[in-house]
Amino acid sequence: MIPNTDPSAWRIVMDASEATLSSGHETRDFDGSFYLSPDESLAGFTLRLSLPGAPELLWESASLEGGTEVRGSSLLHLGRRTARADVSGFCARVPVGLTGSSYLKIVLTATFSPLRLRWPGWRVRPVTLRLFSEIRPTVLRSR
């Protein structure tokens with residue numbers, strides 16, 4: 001088993017990752033960390049999202065609960081402004097053929113109040129942020 005505490009044991013697959021905002025913004029330009037519990041469920045994340053023509057967003061959660069289905073509270077920071085919202089999604093182990101290896105597929109969604117962020121154009125409707133990502137082990141597991 002690959003230790004979850006070893007940062008070199010896992011890598012985020014950027015070509016299989018994407019963040020979208022309901023305002024029409026989409027990016028593959030983000031970095032950050034996912035935090036896994038010992039059973040490899042998603043425990044938290046910190047992600048910096050760079051959107052074209054927009055300030056950098058920091059989306060984070062440190063207390064996700066659940067196994068395959070995750071839920072908890074998250075924060076979205078836009079400069080000095082912060083909004084809180086529930087986050088939900090899943091973190092599922094996906095087997096790879098007959099090799100005995102697998103990777104983690106992550107999908108997260110949160111809807112934020114536009115009034116807290118005060119970003120032009122977001123004042124009317126809530127802002128939904130969705131993330132699709134994969135975390136793969138850097139080495140293949142043996143059976």
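Note that the structure is a prediction, hence the values are computed from the model and not measured.

> Go over the pairing of strand S9 (residues 81-96) with me, naming the residues and quoting the values.
Summarising the sheet, strand S8 (residues 69-78) and S9 pair through ten bridges and their orientation is antiparallel. Bridge pairing in S9 places His-77 opposite Thr-82. The turn linking S8 back onto S9 is made up of two residues, and Gly-79 within it adopts a positive phi angle of 65°. Two strands pair when backbone bridges link them, and S9 and strand S10 (residues 101-112) are joined in this way by ten bridges, in the antiparallel orientation.

> Summarise the pattern of salt bridges; cite the residues concerned and give the values.
Evaluated as defined, the whole model comprises two salt bridges. Note that Glu-134 and Lys-105 form a salt bridge whose closest N and O atoms lie 3.7 Å from each other. A residue pair is termed long-range when its members are at least 10 positions apart, and Glu-134 in strand S11 (residues 127-137) and Lys-105 in strand S10 qualify at 29 residues. The salt bridge partner of Arg-136 is Glu-134, with a shortest N-O separation of 3.0 Å. Given a relative accessible area of 24%, Arg-136 falls into the partly exposed group. Residue Glu-134 is classed as buried on the basis of its relative accessible area, which comes to 9%. The network of salt bridges with common partners includes Lys-105, Glu-134 and Arg-136.

> Please provide a residue-by-residue account of the environment of Tyr-35, values included.
Mapped onto the secondary structure, Tyr-35 falls in strand S4 (residues 30-36). Residue classification places Tyr-35 among the partly exposed positions, given a relative accessible area of 40%. C-alpha separation for the pair Tyr-35 and Phe-45, spaced ten residues apart in sequence, amounts to 5.7 Å. Setting aside residues no more than four positions away along its own chain, Tyr-35 makes contact with Ser-41, Leu-42, Ala-43, Gly-44, Phe-45 and Thr-46. In this structure the side chain of Tyr-35 is engaged in a polar contact, spanning 3.2 Å, whose partner is the side chain of Thr-46.

How each quantity is defined
Residues numbered from 1 in each chain as written. Predicted model: local features only at pLDDT ≥ 70, side-chain atom pairs only at ≥ 80, totals over all residues. Heavy atoms only, no water. Pairing = 2+ DSSP bridges. Helix = DSSP H or I, 4+ residues; strand = E, 2+ residues; numbered from the N terminus. Salt bridge = Lys/Arg side-chain N within 4 Å of Asp/Glu carboxyl O. Buried < 20%, exposed > 50% of the residue type's maximum accessible area, 1.4 Å probe, protein only. Contact = heavy atoms within 4.5 Å. Polar contact = N/O pair within 3.5 Å; in protein donor to acceptor, adjacent residues only side chain to side chain.

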